[in-house]
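Letter by letter, the chains look like this.
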Amino acid sequence: MSKRGIVIVISGPSGSGKGTVVKELRGICPTMQVSVSATTRLPREGETNGVEYYFKTREEFEGLIERGEVLEYTQYNGNYYGTLKSEAERIISAGDDLILEIEVDGGGQIKRLMGNECVSVMLIAPSAAEQESRLRGRGTESEEVIQGRLARAKAEIKEAVNYDYIVVNESGKQTECAENILAIIKAEHFRTERMNSYIAEYFE
């Protein structure tokens, strides 16, 4: 197996069940790492820098963006949130895999910055009808919000062609779905470009 870990980006529109599948994936593969994000919001009581978040000033965060040191970022309630390139490098250089549950826009940012060290997976529902059923089944959102989510989901699914893999999350089969993603990760470790350094070390 290659010595460096891999960054695994998992994206999916509303109703794809990505949160549940990622939780399941971490359950069957507890060595998989998650990164500590950076943010410009102030720390809350009891929060420690480098544990809950890396706390940055707005100027510091924007400097990181300009230097290409943030893999992906977004703004929420006037604050930046993002994944530091240094944090990802720390994890994968230790040989661990890093899983990032990211929106489609962020997934594209990471793929452009990390290239072959990133494997991207688009998670989708079995059908548009099932996706809508899942969204309506929540029973917590207005019709206007649901229609907005469906429209955005349709646009996001069109971006699936830019992902390395597309995995269908069948209803009630989240464990099987997580196992399919794990199989992808295992196979990716044995890609020729990742094993070349192994061959150079042990056979040359």
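Let me begin by describing the structure that accompanies this report. (Residues numbered from 1 in each chain as written. Predicted model: local features only at pLDDT ≥ 70, side-chain atom pairs only at ≥ 80, totals over all residues. Heavy atoms only, no water.)

Let's talk about helix H7 (residues 174–189)
Taking 1.5 Å per residue, 16 residues should reach 22 Å; H7 reaches 23 Å between its end C-alpha atoms and fits that length. Within the sequence span of H7, burial applies to Cys177, Ala178, Ile181, Leu182, Ile184, Ile185, Glu188 and His189. Summarising the axial view, the buried residues of H7 lie within an arc of 155°, below the 170-degree limit, and thus occupy one face. Packing partners of the buried residues in H7 comprise strand S1 (7–11), helix H1 (18–28), strand S7 (118–124), strand S8 (165–168) and helix H8 (192–203). (Helix = DSSP H or I, 4+ residues; strand = E, 2+ residues; numbered from the N terminus. Expected span 1.5 Å × (residues − 1). Buried < 20%, exposed > 50% of the residue type's maximum accessible area, 1.4 Å probe, protein only. Arc of directions from axis to C-beta. Contact = heavy atoms within 4.5 Å.)

Re the pairing of strand S5 (residues 79–84)
Each regular strand carries side chains that alternate between the two faces of the sheet. With respect to burial, S5 is a largely interior element, five of its six residues being buried. Of the pairings in the sheet, the one linking strand S2 (residues 38–39) to S5 comprises two bridges and is antiparallel in character. Residue Ala38 lies in a different strand from S5, and its bridge partner there is Gly82. Both strand S4 (residues 70–76) and S5 contribute to a ladder of six bridges, which runs antiparallel. Each bridged residue has a counterpart across the sheet, and for Tyr73 the counterpart in S5 is Gly82. Count of turn residues in the S4/S5 antiparallel hairpin: two residues, of which Asn77 carries a positive phi of about 50°. (Pairing = 2+ DSSP bridges.)

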